[in-house]
Amino acid sequence: MTSLRDLISNPVSGRLSTSDTIVFFAFLVSSFLLVWVTVKTTEIPSELYFAYLSAWVTQSQVSKHMSIKRAKEVPGVVSNPETPQG
């Protein structure tokens, strides 16, 4: 099982990643707000769910694209995010 530190740290250096930390806490806050609005409001706009899902799918795809682009530009970097090299 992955620990919280593993989710927000750089696998190569072991140091905390600022961008991963920001994304993780943004996910927590947006998820909490979505659940809170769902519980507290009787009429929930469907656009709220669409915006939530769109934002996180877009973030995920942009992150993956940038990782692939970085791997192509830097020689010796393995593009597989599951490996410790990148």
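This one's a predicted model, so the numbers in the text were calculated from it and none came from an experiment.

Conventions used here
Residues numbered from 1 in each chain as written. Predicted model: local features only at pLDDT ≥ 70, side-chain atom pairs only at ≥ 80, totals over all residues. Heavy atoms only, no water. Helix = DSSP H or I, 4+ residues; strand = E, 2+ residues; numbered from the N terminus. Contact = heavy atoms within 4.5 Å. Areas by Shrake-Rupley, 256 points an atom, 1.4 Å probe, with all protein chains shown as cover. Phe/Tyr/Trp six-rings, centres within 6.5 Å; stacked < 30°, edge-to-face > 60°. Buried < 20%, exposed > 50% of the residue type's maximum accessible area, 1.4 Å probe, protein only. Axes fitted to C-alpha atoms, helices over the stretch in contact; angles between N-to-C directions. Parallel < 35°, antiparallel > 145°, perpendicular 65-115°, else oblique. Left-handed = near helix turned anticlockwise from the far one by under 90°. Expected span 1.5 Å × (residues − 1). Patch = residues over 30% accessible without salt bridge, like charges linked within 9 Å, V, L, I, M, F, W, Y side chains within 5 Å. Salt bridge = Lys/Arg side-chain N within 4 Å of Asp/Glu carboxyl O. Polar contact = N/O pair within 3.5 Å; in protein donor to acceptor, adjacent residues only side chain to side chain.

> I'd love a proper account of the overall build of the chain, names of residues and values included.
Helix and strand counts for the chain come out as three helices and zero strands. Mapped in sequence order, the helices and strands of the chain form the string α-α-α. For the chain, contacts bridging at least 24 residues in sequence account for 22% of all contacts bridging at least 6. In the form shown here, the chain has an accessible surface area of approximately 7,000 Å², with 65% of it arising from carbon and sulfur atoms.

> Tell me about the packing of aromatic side chains, residues and numbers included.
Considering all chains together, one arrives at two aromatic pairs under this definition. Between the aromatic rings of Phe 24 and Phe 25, the centroid separation amounts to 5.4 Å while the plane-to-plane angle is 70°, which identifies the pairing as edge-to-face. Relative accessible area serves as the criterion here: at 43%, Phe 25 is assigned to the partly exposed category.

> Can you lay out the packing of helix H2 (residues 18-40) against helix H3 (residues 46-73) for me, pointing to particular residues and giving the numbers?
With their axes 11 Å apart at the nearest point, H2 and H3 run at an angle of 165° to one another. As judged from the angle between their axes, H2 and H3 are roughly antiparallel. Here H2 runs over H3; the crossing is left-handed. On H3, the residues that touch Val 23, Ala 26, Phe 27, Ser 30, Ser 31, Leu 34, Val 37 and Thr 38 of H2 are Leu 48, Tyr 49, Tyr 52, Trp 56 and Gln 59.

> How would you sum up H3? Please name residues and give values.
Compared with the 40 Å implied by 1.5 Å per residue over 28 residues, the 41 Å span of H3 between its first and last C-alpha is a close match. In the core, the buried residues of H3 are packed alongside H2.

> Please give an account of a nonpolar patch on the surface that cites residues and values.
A contiguous nonpolar surface patch, about 430 Å² in accessible area, is contributed by Val 29, Phe 32, Leu 33 and Trp 36. Mapped onto the elements, Phe 32 comes out in helix H2.

> Before we move on, can you summarise the side chain of Ser 31 with the specific residues and values?
Relative to the helices and strands, Ser 31 resides in helix H2. For Ser 31, a relative accessible area of 17% translates into the label buried. Of note is the side chain of Ser 31, whose polar atom sits 2.8 Å from the backbone oxygen of Phe 27. Within polar-contact distance, the side chain of Ser 31 engages the side chain of Tyr 52 at 2.6 Å.

> Which residues make up H2, and what values go with them?
Between the first and last C-alpha of H2 there are 33 Å, a value that for 23 residues agrees with the 33 Å anticipated at 1.5 Å per step. When H2 is considered as a whole, its buried residues turn out to be Thr 21, Ser 31 and Leu 34.

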